[in-house]
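Listed here are the chains, written in short residue letters.
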Amino acid sequence: MNERPYVLSIAGFDPCSGAGVTSDIKTFEQHKVYGLGAVTAITYQNESRFEGVKWLSADEVIQQLQPLAERYSPKAIKIGLIESASTLSQVLEWLKKSWPEAFIIWDPIVKASAGFLFHTQLHQSIRPLISEQVHLLTPNIPEYQQLFDTTHPLELAKELKTAILIKGGHATGDTVRDSLYSYQQEAGTQIQSQKVIGDWQKHGTGCILSAAIAAEIAHGSSLEAACHSAHFYVKKIISSNSTLLGYHNTRLNK
């Protein structure tokens, strides 16, 4: 039997497991990778109400990662909720030294689905911190606008030497369109589907998407194929029930 590849989530802890580390682990399991986790924050929330957050420092995050580095070599690493540009920079520096071959995704969570605003200070100054340090960024449309203003995504991808997947779930209309831009290409790639009938909302879909991409990358998929597969995995989660918490029992065997 082939050993499953390791994938690491560095993200917040959500008590209802709709988002954050525990949601990522569920996504990893469905994709037949072994999920490792480190917590960046403890949140006080459920799927519809957010009461607060306790941040962990960069040192506390790295202390969780050090024992993992002694035993495991994750093929992909997903970073989610994180306190500041300084914390992100320190964690990225440590990751690059410890696991230089890992594919790194940063899902820049600015606002909780329940409405809580995590960041008002993250802005374009993060560009030099993530340039050539992150392989894929996965902001939604409002997050991209806050972080990078009106810069065209293809221009930004070339500047940062990374790839950018702009999640289209916030757009109006009957179609969901994710847009992938790579510094190695001259045009973007569109991944789209019709919205689930009833337009059911789900807590944590952004976390699930980036975790699914990481898992597919760990299995050897191309970036475009991984983003395509993750888009439709999230669609299955959304259609799994009519509540804000989706079910992760929808994955077909690989």
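What counts and what doesn't
Residues numbered from 1 in each chain as written. Predicted model: local features only at pLDDT ≥ 70, side-chain atom pairs only at ≥ 80, totals over all residues. Heavy atoms only, no water. Core = buried A, V, L, I, M, F, W, Y, C linked by side-chain atoms within 4.5 Å. Buried < 20%, exposed > 50% of the residue type's maximum accessible area, 1.4 Å probe, protein only. Helix = DSSP H or I, 4+ residues; strand = E, 2+ residues; numbered from the N terminus. Contact = heavy atoms within 4.5 Å. Arc of directions from axis to C-beta. Pairing = 2+ DSSP bridges. Axes fitted to C-alpha atoms, helices over the stretch in contact; angles between N-to-C directions.

J.: Could you clarify how one ought to interpret the nonpolar core in this entry?
T.: For soluble globular proteins, nonpolar side chains are generally found buried alongside one another. Ile10, Leu65, Ile77, Ile79, Leu95, Trp106 and Ile130 are the most contacted members of the largest nonpolar core, which has 37 residues in total. The element contributing the most residues to this core is helix α3 (residues 85–98), with 6 residues. Ile130 has contacts with Leu88, Leu92, Trp106, Leu137, Phe148 and Leu160, leaving out every residue within four places of it along the chain. Counting 29 residues, the second largest nonpolar core, distinct from the first, contains Leu180, Val196, Ala214 and Ile237.

J.: Hey, could you run me through helix α1 (residues 20–30) in this one?
T.: Buried residues of α1: Gly20, Val21, Ser23, Asp24, Thr27 and Phe28, and no others. Down the axis of α1, the buried side of the element spans an arc of 160°, and every buried residue falls inside it. Summarising the contacts, the buried residues of α1 are in contact with β1 (6–13), β2 (34–45), β4 (76–79), α7 (205–218) and α8 (223–239). Lys32 lies just past α1 and shows a positive phi near 60°.

J.: What is the right way to read helix α6 (residues 153–160) from this model?
T.: Since the α-helix advances by 3.6 residues per turn, residues separated by three or four positions end up pointing in the same direction. Among the residues of α6, Pro153, Leu154, Leu156, Ala157 and Leu160 are the ones counted as buried. The arc enclosing the buried residues of α6, seen along the axis, measures out at 160°, which places them on a common side. Against α4 (127–130), β6 (136–137), α5 (141–148), β7 (163–166) and β8 (175–182) lie the buried residues of α6. Among the residues trailing α6, Lys161 stands out with phi positive, at a value near 55°.

J.: Mind showing me how you'd approach the sheet that holds β4 here?
T.: Neighbouring strands of a sheet are bound in pairs by backbone hydrogen bonds; such pairs are parallel or else antiparallel. The strand order across the open sheet formed by 9 strands is β3-β2-β1-β4-β5-β6-β7-β8-β9, and the pairing between neighbours is mixed. Looking at which strands have only one partner, the edges of the open sheet turn out to be β3 (50–55) and β9 (189–194). Both β7 and β8 contribute to a ladder of 4 bridges, which runs antiparallel. Paired with Ala163 across the two strands is Ser182, which belongs to β8. Packing against the sheet, helix α2 (residues 58–69) makes contact with β1, β2 and β3, and its axis sits at approximately 160° to β2.

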